[in-house]
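Structural overview
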Amino acid sequence: MSAGDERTTWPETSPGYGGPPAPDHRVLAPDGPIYRPADREPPPYAPPGPREPAEPSPVYPPRDFSAYAPPPAPAPRVPLDAARVPPPRAFDPGVPFGPAVTAPPPAADTRRGEKRRWSAGLTFALVVVLAGVVAYQAVRIEQLGDRLAGSERAQADDRDRATARLDEVDGRAGALEKRLAGAFNPEAISTAALPSVLRVAAGNVTGTAFAVGRPASGGKTNLITNFHVVEDVYDGGDREVFLERGGKRYAAQIVAVNRGGDVAHLRTTTKINGLVTAKGAVKSGQQIVVVGAPLGLSDSVTTGVVSAVRELPDSNGPMIQFDAPINPGNSGGPVINSAKQVVGIATAKAENAEGIGLAVPIKVACDAFKVC
């Protein structure tokens, strides 16, 4: 039996071919006749006779094979979050189908892969953009750092130049001060010294005294003069002398004396500005101003230079020799250098000579009385 012919045929060698029809052993079934060769009786052998036309095969109604179609394959399980796939196709009779033929696989869902590729591409693009932004910011930060460093260097250079200029100005000012200090100005020196220098009257002897240092306790003023100026009063047991200036007279007391150094310490209750004493040693050639009251003439000023610093036979230490003119009454007056500092105390002059004056170094009085 073939699928294209609904008739049942037998070969020519089949029993009963060309003879009378064989007994009908067919058993009709719902699906058509079923032949059972075992139920047939073998025909007696006979030589083949003339061939008769075969009886036409019975025609049976077409059979329905849909009952034999396999059940449709179950739909594959798809996760709830996955994309939905179209339902399986219905059976198509024109497509070979049977136990040996399987249903075609469902079409693959490519949308999920496309979505993943799109997400990956977007992520990559964002990473590239962020990397570009970070690189740009890094470059900008580096540029700003370079600018800041350059600005700081420029400011440091400006400060260095300003400091150098200030140092230069300070150096020039110091040099100018040294020049001014070295410039001998008798007028300025005498103007600064005269208010601190007074005439001393000690009995029948007159001389000069000058205020030094800061005022003593109680507003008192310390003064220095030569011992030989107040010697008669001191040896007579009296301690009071008088200071005169500008027509005014002030009482002063003899506080202490140093006979060997020929210096005396006086003190008065009158407030008088003190002169500054020199700390360093005096040198030959330095210009000086001598202020005193020669022959009782107050506020007399003479100038000269330091001739030498020498030891004398009758002195207890070195003496300052100078050439400024002095006379009786200058004793006890200050010898002042160009810096307006007292370097010595005028004491004596050489007899029968001109331009040889002597002064006790101020250090002698400062060490003896501790008033400088």
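A brief structural summary.

Conventions and cut-offs
Residues numbered from 1 in each chain as written. Predicted model: local features only at pLDDT ≥ 70, side-chain atom pairs only at ≥ 80, totals over all residues. Heavy atoms only, no water. Helix = DSSP H or I, 4+ residues; strand = E, 2+ residues; numbered from the N terminus. Contact = heavy atoms within 4.5 Å. Areas by Shrake-Rupley, 256 points an atom, 1.4 Å probe, with all protein chains shown as cover. Core = buried A, V, L, I, M, F, W, Y, C linked by side-chain atoms within 4.5 Å. Buried < 20%, exposed > 50% of the residue type's maximum accessible area, 1.4 Å probe, protein only. Salt bridge = Lys/Arg side-chain N within 4 Å of Asp/Glu carboxyl O.

The next thing to look at is the overall build of the protein. When you go through the protein residue by residue, the secondary structure sums to four helices and 15 strands. Long-range contacts, defined as pairs at least 24 residues apart, comprise 59% of the intrachain contacts of the protein with a sequence gap of at least 6. Roughly 25500 Å² of accessible area belongs to the protein as shown, and the carbon and sulfur atoms make up 57% of that amount.

What follows is about the nonpolar core. Phe210, Ile224, Ile336, Ile345 and Ile362 are the most contacted members of the largest nonpolar core, which has 22 residues in total. When residues of this core are traced back to their parent elements, those giving at least two are helix H2 (186-193), strand S10 (287-292), strand S14 (341-349), strand S15 (357-361) and helix H4 (362-369). Top contributing element to this core by residue count: H4, with four residues. Residues within four places of Ile224 in sequence aside, it is in contact with Thr208, Ala209, Phe210, Val212, Ala264, Gly332, Ile345, Ile362, Ala365 and Val371. With 16 residues, the next largest nonpolar core counts Val200, Leu223, Val230 and Ala264 among its residues.

One side chain can pair with another of opposite charge once the charged atoms of both are near each other. Using the criterion set out here, one finds seven salt bridges in the structure. Note that Arg259 and Asp235 form a salt bridge whose closest N and O atoms lie 2.7 Å from each other. Here Arg259, found in the loop between strand S7 (248-258) and strand S8 (263-268), pairs with Asp235, found in helix H3 (residues 227-235); they are 24 residues apart in sequence, far enough to count as distant. Taken together, the shared-partner salt bridges connect Arg199, Glu244 and Arg249 into one network.

Keep in mind that these numbers describe shape and distance, not what the molecule does.
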